[in-house]
Amino acid sequence: MFMGAHLTSLDSCKLLQEDPDLGDDLPSDRRQQATEELVTSCLRLGPGAWKLPDPDPDPGSIGLLVLEGVLLRHVEIDGRFGLELLGESDIVRPWQGADAPMLDLRSEWSVLSPARLAWLDSRSARVLARYPEITNRLFERLVRRSRHLVTNMAIVHQPRVDTRLHLLLWHLAGRWGRVRRDGVVLPLKLTHALLADLVAARRPTVTSALSDLARRGLVRQTDEGWMLFGQTPALGDGEPVAPPPPHRLAYANGLRP
């Protein structure tokens, strides 16, 4: 199971040591007990296409919890692609069947940066049944993932491609960004082709829009990823919104100023 071409190692780990936020609602004595009981397998994946030859590795499992790294989920319909970025705290089930059985679509997974994932297998699920506080945290993350997707949909509906890109990069910076004196660095190596799939545009159009954003001093591509400058984009007649302080710029697993 999980013997994809880019699996670099498979070992055991204590879930609450790897992801302490999951135990925040537990009193100290139960947290210590849960830490000792919740031991599961951890996968390390190298960059590249992610193949899962076994479509159903464990029918009783919850899924895979991303501990580190960034994953990409590609969905293709008639030559057009949708793309979802997933990272720390997200729960994924790459072996799950088609989400739209009436449509002819193809789904693929790849690893953008080296990743570690905790397998919430059937044994873990039985242990989690004794700790509803942790299960509640996991459901919060599932809901958050769906809200991220709706935010992406709202971004895609903006008429201008440069606006879509500017909004998207700031949205991603809220999760993966790091504040520096000269701006906010987004350490994701997103190519123009990937960005085109994320904002539902053609790659040449995205390249042109990024050049325009760079000329205006708003965005710059770097060896590390992307740099964002100034304030978040204004829409319509609204005023630009200043970036929130570092402790609020990130989601649950946060920004590192």
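Provided above is the structure to which this section pertains.
Note that the structure is predicted; figures quoted are calculated from it, not measured.

A. Geometry of the overall build of the chain. On a plain count of helices and strands, the chain comes out with eight helices and eleven strands. Counting every position in the chain, which comprises 257 residues, the buried fraction comes to 45%. Contacts in the chain between residues far apart in sequence, at least 24 positions, make up 75% of those at least 6 positions apart. Accessible surface computed for the chain: about 13,400 Å², of which carbon and sulfur atoms make up 53%.

B. Summary view of the state of the cysteines. If you walk through the whole model with that rule in mind, you get one disulfide. Across a sulfur-sulfur distance of 2.1 Å, Cys 13 and Cys 42 are joined as a disulfide pair. Judged by the torsion about the S-S bond (65°), the Cys 13/Cys 42 disulfide is right-handed. Here Cys 13, found in strand β1 (residues 7-14), pairs with Cys 42, found in strand β2 (residues 39-45); they are 29 residues apart in sequence, far enough to count as distant. Among the residues examined, Cys 42 registers a relative accessible area of 1% and is labelled buried.

C. Seen up close, the pairing of strand β4 (residues 63-77). Counted residue by residue, β4 has 13 buried out of 15 residues, so it is predominantly covered. As paired strands, β4 and strand β7 (residues 105-120) are joined by 13 bridges and run antiparallel to one another. Residue Val 75 lies in a different strand from β7, and its bridge partner there is Ser 107. In this sheet, strand β6 (residues 91-92) lies alongside β4 in antiparallel orientation, the contact comprising two bridges. Along β6, the bridge assignment pairs Leu 65 with Ile 91. For β4 and strand β5 (residues 80-86), the ladder comprises seven bridges, and the chain directions are antiparallel.

D. The side chain of Arg 116, seen in detail. Assignment of secondary structure puts Arg 116 in strand β7. Those residues within four positions of Arg 116 in sequence are excluded, and the remaining contacts are Glu 18, Cys 42, Leu 43, Arg 44, Leu 65, Val 66, Leu 67 and Glu 68.

E. Structural view of the packing of helix α5 (residues 161-176) against helix α7 (residues 203-215). Following both chains from N to C, one finds α5 and α7 inclined at 70°, their axes separated by 9 Å at the closest point. Between α5 and α7, the angle is such that the two are roughly perpendicular. Residue-level inspection shows Val 161, Asp 162, Leu 165 and His 166 of α5 in contact with α7, the latter providing Thr 205, Val 206, Ala 209, Leu 210, Asp 212 and Leu 213. Residues of the contact of α5 with α7, tallied by class, amount to six nonpolar, two polar and two charged.

F. Focus on the packing of aromatic side chains. Scanning the model with the defined rule gives one aromatic pair in all. Ring centres of Trp 50 and Trp 109 lie 6.1 Å apart, and the angle between their planes is 85°; this geometry places the pair in the edge-to-face category. One end of the pair, Trp 50, is in strand β3 (residues 48-50); the other, Trp 109, is in strand β7, with 59 residues separating them in the sequence. You can call Trp 109 buried: its relative accessible area is 11%.

About the cut-offs
- Residues numbered from 1 in each chain as written.
- Predicted model: local features only at pLDDT ≥ 70, side-chain atom pairs only at ≥ 80, totals over all residues.
- Heavy atoms only, no water.
- Helix = DSSP H or I, 4+ residues; strand = E, 2+ residues; numbered from the N terminus.
- Buried < 20%, exposed > 50% of the residue type's maximum accessible area, 1.4 Å probe, protein only.
- Contact = heavy atoms within 4.5 Å.
- Areas by Shrake-Rupley, 256 points an atom, 1.4 Å probe, with all protein chains shown as cover.
- Disulfide = S-S within 2.5 Å.
- Pairing = 2+ DSSP bridges.
- Axes fitted to C-alpha atoms, helices over the stretch in contact; angles between N-to-C directions.
- Parallel < 35°, antiparallel > 145°, perpendicular 65-115°, else oblique.
- Nonpolar A, V, L, I, M, F, W, Y, C, P; charged D, E, K, R; others polar.
- Phe/Tyr/Trp six-rings, centres within 6.5 Å; stacked < 30°, edge-to-face > 60°.

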